[in-house]
Structure formats: C-alpha cells, structure tokens
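# Structural description and commentary
So you can see what is in the structure, the chains are spelled out below.
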Number of protein chains: 2
Amino acid sequence: MVEEKEISKAVVGRLPRYYRYLGELTDAGVERISSGELSEKMHVTASQIRQDLNNFGGFGQQGYGYNVKYLRTEIGKILGLNQSHNMIIIGAGNLGQALAKYASFEKNGFLLKGLFDVDPKLDGMMVRGIPIQMMDKLEEYLQENEIEIAALTIPKSKALEVCDMLVECGIKAIWNFAHTDLHLPEDVIVESVHLSDSLMKLSYNITSYKEEHGES
Amino acid sequence: MVEEKEISKAVVGRLPRYYRYLGELTDAGVERISSGELSEKMHVTASQIRQDLNNFGGFGQQGYGYNVKYLRTEIGKILGLNQSHNMIIIGAGNLGQALAKYASFEKNGFLLKGLFDVDPKLDGMMVRGIPIQMMDKLEEYLQENEIEIAALTIPKSKALEVCDMLVECGIKAIWNFAHTDLHLPEDVIVESVHLSDSLMKLSYNITSYKEEHGES
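In this text the structure is predicted, and so the values were computed from the model without any measurement.

Time to look at the pairing of strand E4 (residues 110-117) of chain B. Residue and element names in this part refer to chain B. With respect to burial, E4 is a largely interior element, six of its eight residues being buried. One ladder, built from six bridges, connects strand E3 (residues 85-90) with E4; its direction is parallel. Looking across to E4, one finds that Asn-86 is bridged to Leu-111. Relative to strand E6 (residues 130-134), E4 runs parallel, the two being bridged by three bridges. Its bridge partner being in E6, Phe-116 is matched across the sheet by Gln-133.

Next comes the structure, spelled out in structure tokens:
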C-alpha cells in the first residue's frame, strides 16, 4: 500500500465519515449504493466521493455502484479498525469518564485497558469494569502492559509533563484533549480535539451569518 | 466586513489556534512578535501566517511584527468573542457535565444558562450553580429565555428529534456531539465534534506510520 503515503490529510479526514455512513447503510440493510445516492445522503458531490475513493483504488464498478459491506470493510482496514488498539485514559474526570463509557469505541477495536487520575477520591472507583488508578502507578503499569494509545483528558498545565513521561514509556499515540498543542517526537502520533477551538468556529459562523443578514 | 464572506473554511479553522497562541503569548508578557517567531512557535510557515492574516487586512507592519494584544483582540472580534453567547447543554451525562465545567468557555463569552436531561435521577442536581432540568421543561424554557447555542450531548437516536424541536423554538446554533450529521435549515449553524471520527484518524495515522516503517 505504498500509495497511501500520499493521501492528503483532507481525504483522511473524510474517511471516518464514509465509514460512519456506510455503517448506517449496513444497519438499514442496504447492500449496494451508487455514488450519486451516497452523495445525496452525505451532502457532498458524487465526483468528490469517486475522487476520494479512487485514492485507494476505487472499490466501485462503473454502473453498478458500491457494495456497501465490502466498501465499509475496506475503509475500515485503511483506517486500521481491523486491528485492536489498547488504550488508557489519563484524567478520569467527567470528560475521561465520558470517553471511557463510549461503547462504540470498543466496537471499533479501541480497547480501554486503564484509567488514571491524581484525585485520591477516585482511587479504585470502577468505570465500565475498570478501576481508576493513581498516576504514580502509571509508569509501572506501562512497563507491564502493552498500551498503544493514551487519551489525555487533563488540564493544559499538566499535559506536557505527562506527555514526556508517556513518550519515555513508549506510548506511540496520543489522543489529546488538553487545551494545548503537543509537539512530540516524530514517531509519536498526536490527534487533538480542541473543544474551545470548535466552539469558536461555531461563534465565527454565527457572527458572520448575522453580518451577512444584517442582524449584527 | 463584506470580504469576510469569502474567507475559506480552512482559514476560519485556523483562527482559533492563532487566538490560543496569542493568548499564551499575552500571558507570558510578550508584546510584539514577528511572523517568523510566531511561525516557529506554531509549527506553520511564516508565509501561511501572513497569508491567513491578510484575509482580514493584515494587522502587521513590515519589519515590526505584530502587536500581540491588538492582534488577539482583533481575531477575537472576527471570531465573535467580543459578544456574549447564551448557551444550554442538552444531555447532562458525563460529557455534558464536562462541558458545563469548562471555565474557559465562560471567559470567552459562552455563558451557560441551562442544562437538560431525561434522567429523573439528575433532576435538580447542580452543576456550576446551574440546576439540571428535565427535558419536558425545555420548550417552555426556550420561550422564556433568549438562548443562542444548544450543545447536544445526547445519543444519536434522540438527536434528530431534539434538533427539530430546538429549531422550532428558534435556536440558531447547535454544537453537536451526537454521533450523526445534522442536516438542518440553512439558517441554523451546526458545528459537530465527532469523537469517533477523531479516534479513527488517530488509528489511520498509527497504521500508516507502521506501514511506512515496516512494523505492520
């Protein structure tokens, strides 16, 4: 799959959405769909869909559309969902617990193995059958367990320090919710969810809508 | 500000990040910064920074760099952060409560006014001084209170139904965490945070990194 290296970020960013829609179609019993029908459902152009999927060699047969289940499986493979990924969550506050409870992550191969926090009140509390452990156990835990992803739901002020430790302990991917960018060694994958940034985009769109419509 | 209408989504998507970095610089007492220095901090090219900011008329003086406080204020205005936005959260589970507790939203003008849920166990529970109310009170609440943004932290299965009601009650913007896209009337702004999509992007990057480095 050498060609994958050249896939643009924009295309990669759209793949999970294809996967989601194809899942909904599978659940609804749809076996085959044309790019035109899929385009209507997803509110993107059919040519965008064809172009995106052509990055991975197509999957469709001219005039026959896409086999929903096959396409979903293939996109799942591209996304790495055919393998399981061991994950821990660092920061077991509301957000950490919310993530821990998302059953759909498990379904897609993201297996929650541990939860860590500094708050002694949370020590030993069970979340989906997993006990919250104290942060001073983390280093030892990572030596004894093979963990690939660490979700970071801790304040910005602690994030860099914790990250250094995670990287030192061999964590290869960080799902970052701390309100800061992490500039880590090249071999550590970072995916950030900046909730404030998202809310600001919403606010931008409200504001510019009002300006366009003379409501400001 | 007619020219704002033509600002690309990509530029808008980057503005909150500028705002965040300029906030950190302000906190650190930095008064002036060149695009080169800012570029190094943000890990983007200086020419990208100049181009992005030129969309809004520049803000910099050749050879003098940017006035940090001024630039931050101006970007804040573009993002609509100089106005306050009344917000409610629908779904007071872990994620809803996590959002309710983010003090930084308040600081940027997003004022949490109400929290709603269907779980009778949560009825009347206080989160940051705001009582959780039951969903059957929502319609009346929206008639009596001027609310601009509804954050949706409820399951996908309920999202469309709740959205219809919100739109009917005049909500103008939805911050969507439900695992589905919302296709709403054109005058309703939607900003979605799809956590699963983000996790899949992480998984894609892990997988393609392994493939590139022969670890798969």
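After that view, the rundown keeps rolling.
Residue and element names in this part refer to chain B. Every buried residue of helix H3 (residues 46-54) is listed here: Ala-46, Ile-49, Asp-52 and Leu-53. Looking straight down H3, one finds its buried side chains confined to an arc of 125°; they lie on one side. When the buried face of H3 is taken as reference, the exposed residues oriented beyond 90 degrees from it are Gln-51 and Asn-54. Residues of H3 that are buried sit in contact with helix H1 (9-27), helix H2 (35-42), strand E2 (66-67) and helix H4 (68-78).

Contacts between chain A and chain B engage 68 residues on the former and 68 residues on the latter. Carbon and sulfur atoms supply 61% of the area that chain A and chain B bury against each other, a total of about 6,100 Å² over both sides. For the pair chain A and chain B, the interface holds 12 salt bridges. Seen at the junction of chain A and chain B, the total is 28 residue pairs in polar contact (both at pLDDT 80 or more). At the level of secondary structure, the elements contributing two or more residues to the side of chain A that touches chain B comprise helix H1 (9-27), strand E3 (85-90), helix H5 (94-101), helix H6 (103-107), strand E8 (173-176), strand E9 (189-192) and helix H9 (195-212) of chain A. The element that contributes the greatest number of residues to the side of chain A that touches chain B is H9(A), accounting for 18 residues.

This brings us to the packing of H1(A) against helix H4 (residues 68-78) of chain A. All names here are of chain A. Contact pair H1 / H4: the axes reach a minimum separation of 9 Å and the direction vectors enclose 145°. Where H1 crosses over H4, the two elements pack in a sense that is left-handed. Facing Leu-15, Tyr-18, Tyr-19, Leu-22, Gly-23, Leu-25 and Thr-26 of H1, the residues of H4 in contact are Val-68, Lys-69, Leu-71, Arg-72, Ile-75, Gly-76 and Ile-78. For the contact of H1 with H4, the class distribution of residues is nine nonpolar, three polar and two charged.

Residue and element names in this part refer to chain B. Two numbers describe how H1 lies on H3: the axes approach to 11 Å, and their chain directions differ by 105°. The pairing of H1 with H3 is recorded here as roughly perpendicular in orientation. Touching Val-11, Arg-14 and Tyr-18 of H1 are Gln-48, Ile-49 and Asp-52, all from H3.

The operation relating chain A to chain B is a screw motion whose rotation component is 180°, with 0.0 Å of axial translation and a residual RMSD of 0.0 Å. Interpreted geometrically, this transformation is the action of a two-fold axis. Residues of chain A ranked by C-alpha distance from the rotation axis are headed by A:Asn94, positioned 2.5 Å from it. Taken as a fraction of all interface residues of chain A, those also at the interface in chain B reach 100%, which identifies the copy contact as same-surface.

The next point concerns the domain arrangement of chain A. Each assigned domain of chain A is listed with its residue range as follows: domain 1 (2-78) and domain 2 (85-197). For domain 1 of chain A and domain 2 of chain A, the distance between their C-alpha centres works out to 31 Å.

We now examine a negative patch on the surface. Residues and elements named next belong to chain A. Together, Glu-139, Glu-161, Asp-164 and Glu-168 make up a negatively charged patch on the protein surface. Ranked by residues supplied to the negative patch, first place goes to helix H8 (residues 156-168) with three residues. Structurally, Glu-139 can be placed in helix H7 (residues 138-144). A relative accessible area of 41% places Glu-139 in the partly exposed class.

Cut-offs applied
- Residue positions within a chain follow its written sequence, with the count starting from 1.
- To label them, take the chains in the order written and letter them from A, then take the ligands in the order written and number them from 1.
- Restriction of local features to residues with pLDDT of at least 70 applies here, the model being predicted, together with a cutoff of 80 or more for giving and counting side-chain atom pairs; totals for whole chains, interfaces and linings are based on all residues.
- The side-chain figures draw on all heavy atoms in the structure; neither hydrogens nor water molecules are used.
- Buried means the residue's accessible area, taken with a 1.4 Å probe over protein chains only, is under 20% of the maximum for its type, while exposed means over 50%, and partly exposed covers the values in between.
- Under the scheme used here, helices are H or I runs from DSSP no shorter than 4 residues and strands are E runs no shorter than 2 residues, and both carry numbers assigned from the N terminus.
- In this analysis, strands are considered paired if DSSP registers two or more bridges between them.
- In this description, the arc belongs to the directions extending from the helix axis to the C-beta atoms.
- Here, residues are in contact when the closest pair of their heavy atoms is within 4.5 Å.
- Accessible area that two parts lose when put together, with a 1.4 Å probe and added across both, is what the buried area reports.
- Salt bridge, as applied in this entry: a Lys or Arg side-chain nitrogen positioned within 4 Å of an Asp or Glu carboxyl oxygen.
- Counting of polar contacts relies on pairs of N or O atoms within 3.5 Å, with two restrictions inside protein: one atom must be capable of donating a hydrogen and the other of accepting it, and residues adjacent in sequence are counted only when both atoms are side-chain atoms.
- To get an axis, fit a line to the C-alpha atoms, keeping to the stretch in contact for a helix; angles then go from 0 to 180 degrees between the N-to-C directions.
- Crossings are classed by handedness, with left-handed meaning an anticlockwise turn of the near helix from the far one by less than a right angle and right-handed meaning a clockwise turn.
- Three classes are used, and their members are as follows: Ala, Val, Leu, Ile, Met, Phe, Trp, Tyr, Cys and Pro are nonpolar, Asp, Glu, Lys and Arg are charged, and the others, Gly among them, are polar.
- Small angles under 35 degrees read as roughly parallel and large ones over 145 as roughly antiparallel, with 65 to 115 read as roughly perpendicular and the rest as oblique.
- The fit set for superposing copies consists of C-alpha atoms from residues with pLDDT of at least 70 in both; the fit itself is least squares.
- Those domain boundaries reflect an automatic or database domain assignment.
- Only residues whose relative accessible area exceeds 30% and that form no salt bridge are eligible for patches; like-charged ones are grouped when within 9 Å, while nonpolar side chains (Val, Leu, Ile, Met, Phe, Trp, Tyr) are grouped when within 5 Å.
- Only the protein chains shown count as covering a residue, and every accessible area follows the Shrake-Rupley method with a 1.4 Å probe.
- By the counting scheme adopted, Arg and Lys are positive, Glu and Asp are negative, and His together with the chain ends is not counted.
- Charged groups are reduced to one reference atom each: NZ for lysine, CZ for arginine, CG for aspartic acid, CD for glutamic acid.

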